[in-house]
Amino acid sequence: MDKILEKLKQELPGVEGNVVLKNYTTYKIGGPAKYFFVVKTTEDLIKAIKAVKQFKLPYFILGGGSNLLISDKGFKGIVIKIDILGVELAGTKLIVGAGEKLAKLSYCAADVGLSGLEWSTGIPGAAIGGSIYGHAQGFGTKISSVVESVWALDSHNLKLKNYTNKECQFSLKNSIFKKNKKLIIVSAVLNFKKDDPEEIKKKIKEFLDYRRLHHPIKFPSPGSTFVNPEKKITNKKLLEKYPELKDFNEKGIIPAGYLIAKCGLTGKKIGNAQISEKHSNFISNVGGAKAKDVLALIKLAKEKVKKNFGILLELEVQLVGM
Ligand SMILES: Cc1cc2nc3c(=O)[nH]c(=O)nc-3n(C[C@H](O)[C@H](O)[C@H](O)COP(=O)(O)OP(=O)(O)OC[C@H]3O[C@@H](n4cnc5c(N)ncnc54)[C@H](O)[C@@H]3O)c2cc1C
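Predicted, not measured: the structure shown is a model, and the values here were computed from it.

Trainee: For this particular structure, what's the right way to read the side chain of S187?
Mentor: Structurally, S187 is set in strand β13 (residues 183–191). Relative accessible area serves as the criterion here: at 16%, S187 is assigned to the buried category. Apart from the residues within four sequence positions on either side, S187 is in contact with V96, G97, A98, V150 and W151.

Listed below in structure tokens is the structure:
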């Protein structure tokens, strides 16, 4: 009998032990969480953090689970799943709970003629909290373009604070919430542009069609493995061998998938993990893949890209329990 679990149950009704995490991720990879608790309100979250302190437990904040690679051994602490819901319309703004899904919000916004999240349809599972944390973006639009402010709980002092867009410190796939893990997002105010609902829905359809055509959505994945580096390649030999690098240099960003493909790794398989043949920045779970297989492919891709292009790829997918 797990004594901590028994005590946790008194503090956090509904807390569970030994919950298999792969069922909570788009990757379908990951061992068990020692403890697992779903929070529906800010008060629940405060209770959970108080319990974390009382029992000195490591904790991990889970959103929609669409950007995670969780260890095969799982997580030896408490996973706190943010399921704080609610959408309130106020003029051109939506006030949303951190657990609300991006895709749902983009359709809600489209219905009332609000434009700004069309790019996010077709991302399975992503919630607003996780998307602000990692500064999600697509098709040239960043989530920061609609974020007016964010409410977050400071797990050290249990105080809530409102962060303006500027205070969120958004940068490439980064934010103050990623830099400062003690902050837990509970809600956000999103501000949109007015547009014709039919035009917005047309854009949504175009983005969805593009994703269906170009992304390997048939297999579980967490989307892109690496951040597209904001780098320029000046090496003359490389520019001669790969003339398209000049275009990337002009844009100031090189697709990580391009670099991986040029290293000859497209389709490379380790165990049941595979660098996608459709998009080389995706590592697909082609059936029962283990985290260790994915990690081996990540290592290989990083080594080859560094060797061939001198660029150190940065992980976009978040590693948990390792
Ligand atoms: C098929 C596919 C396509 C994708 N396409 C894109 C794309 O076009 N653009 C893009 O940017 N991403 C894309 N992604 C990646 C992913 O969907 C995004 O990164 C998403 O924003 C992650 O949100 P989440 O809620 O799933 O976060 P999770 O995966 O649950 O968590 C990610 C990180 O955020 C932290 N976190 C989660 N919630 C909170 C919170 N409330 N407070 C503080 N920290 C929190 C977690 O601790 C973790 O470190 C794609 C994924 C898939 C599977």
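Trainee: Would you mind showing me how to read the site of the ligand here?
Mentor: Taken together, 30 residues lie around the ligand, and I61, S66, S131, Q137 and K173 are the ones closest in. Within the backbone of I61, one N or O atom sits 2.6 Å away from an oxygen atom of the ligand. In the model, a nitrogen atom of the ligand is placed 3.4 Å from a nitrogen or oxygen of the G130 main chain. Coverage of the ligand by the protein amounts to 94% of the 970 Å² it exposes when considered alone. Among the secondary structure elements, those contributing two or more residues to the shell around the ligand are β3 (59–62), α4 (128–133) and β13. Among the elements that make up the shell around the ligand, the one with the highest residue count is α4 (four residues). Residue composition of the shell around the ligand, by class: 15 nonpolar, 13 polar and two charged.

Trainee: Would you mind going over the sheet that holds strand β16 (residues 273–275) with me for this structure?
Mentor: The strands making up a sheet associate through backbone hydrogen bonding, with each pair oriented either parallel or antiparallel. Strand order in the open sheet formed by three strands is β15-β16-β17, and the pairing between neighbours is antiparallel. Here the strands that pair on one side only, and so sit at the sheet edges, are β15 (269–270) and β17 (283–285). Pairing of β16 with β17, which is carried by three bridges, proceeds in the antiparallel orientation. Bridge pairing links Q274 to S284 in β17. Here helix α10 (residues 291–309) sits on the sheet in contact with β15, β16 and β17, set at roughly 25° to β16.

Trainee: What is the right way to look at the sheet that holds strand β7 (residues 93–97) in this model?
Mentor: With respect to topology, five strands assemble into an open sheet ordered β6-β7-β13-β11-β12, the strand pairing being antiparallel. What marks the edges here is a single partner per strand, and that holds for β6 (87–90) and β12 (159–164). When the angles between neighbouring strand axes are averaged without regard to direction, this sheet yields 20°. Across four bridges, the pairing between β6 and β7 is antiparallel. Of the residues in β7, the one forming a bridge with V87 is V96. Strand contacts of helix α3 (residues 102–111): β6, β7 and β13, with the helix running at about 155° to β7, the strand carrying the most contacts.

Trainee: Honestly, the domain arrangement of the protein chain in this entry has me stumped. Any pointers?
Mentor: It is common to give the size of an interface as the accessible area that goes away when the parts come together. Parsing the protein chain into structural domains produces domain 1 (3–82), domain 2 (87–200) and domain 3 (217–320). For domain 1 versus domain 3, the separation of C-alpha centres amounts to 31 Å. Counting residues at the interface gives 13 residues for domain 1 and 18 residues for domain 3. Roughly 1,300 Å² of surface becomes buried between domain 1 and domain 3 when both sides are summed, with 60% attributable to carbon and sulfur atoms. Contact with domain 3 buries area across many residues of domain 1, yet Y27, N67 and L69 alone supply 51% of it, more than any other trio. Where domain 1 touches domain 3, the interface holds 10 residue pairs in polar contact (both at pLDDT 80 or more). Residue contributions to the side of domain 1 that touches domain 3 peak at three residues, all from strand β4 (residues 68–70). Residues that form the side of domain 1 that touches domain 3 fall into these classes: seven nonpolar, four polar and two charged.

Trainee: Any chance you could explain the nonpolar core here in plain terms?
Mentor: Nonpolar side chains in soluble globular proteins generally cluster together in the buried interior. The biggest cluster of nonpolar side chains holds 50 residues, and the ones touching the most others in it are I132, F177 and L190. Per element, the largest residue contribution to this core is six residues, and it comes from β13. Setting aside chain neighbours within four positions, we find I132 in contact with I143, V147, V150, F170, S175, F177, I185 and A188. By size, the runner-up hydrophobic cluster in this structure holds 32 residues, among which are L259, I275, I298 and V317.

Basis of the calculations
Residues numbered from 1 in each chain as written. Predicted model: local features only at pLDDT ≥ 70, side-chain atom pairs only at ≥ 80, totals over all residues. Heavy atoms only, no water. Helix = DSSP H or I, 4+ residues; strand = E, 2+ residues; numbered from the N terminus. Buried < 20%, exposed > 50% of the residue type's maximum accessible area, 1.4 Å probe, protein only. Contact = heavy atoms within 4.5 Å. Near = heavy atom within 4 Å. Polar contact = N/O pair within 3.5 Å; in protein donor to acceptor, adjacent residues only side chain to side chain. Areas by Shrake-Rupley, 256 points an atom, 1.4 Å probe, with all protein chains shown as cover. Nonpolar A, V, L, I, M, F, W, Y, C, P; charged D, E, K, R; others polar. Pairing = 2+ DSSP bridges. Axes fitted to C-alpha atoms, helices over the stretch in contact; angles between N-to-C directions. Domains from an automatic or database assignment. Buried area = accessible area lost by both parts, 1.4 Å probe. Core = buried A, V, L, I, M, F, W, Y, C linked by side-chain atoms within 4.5 Å.

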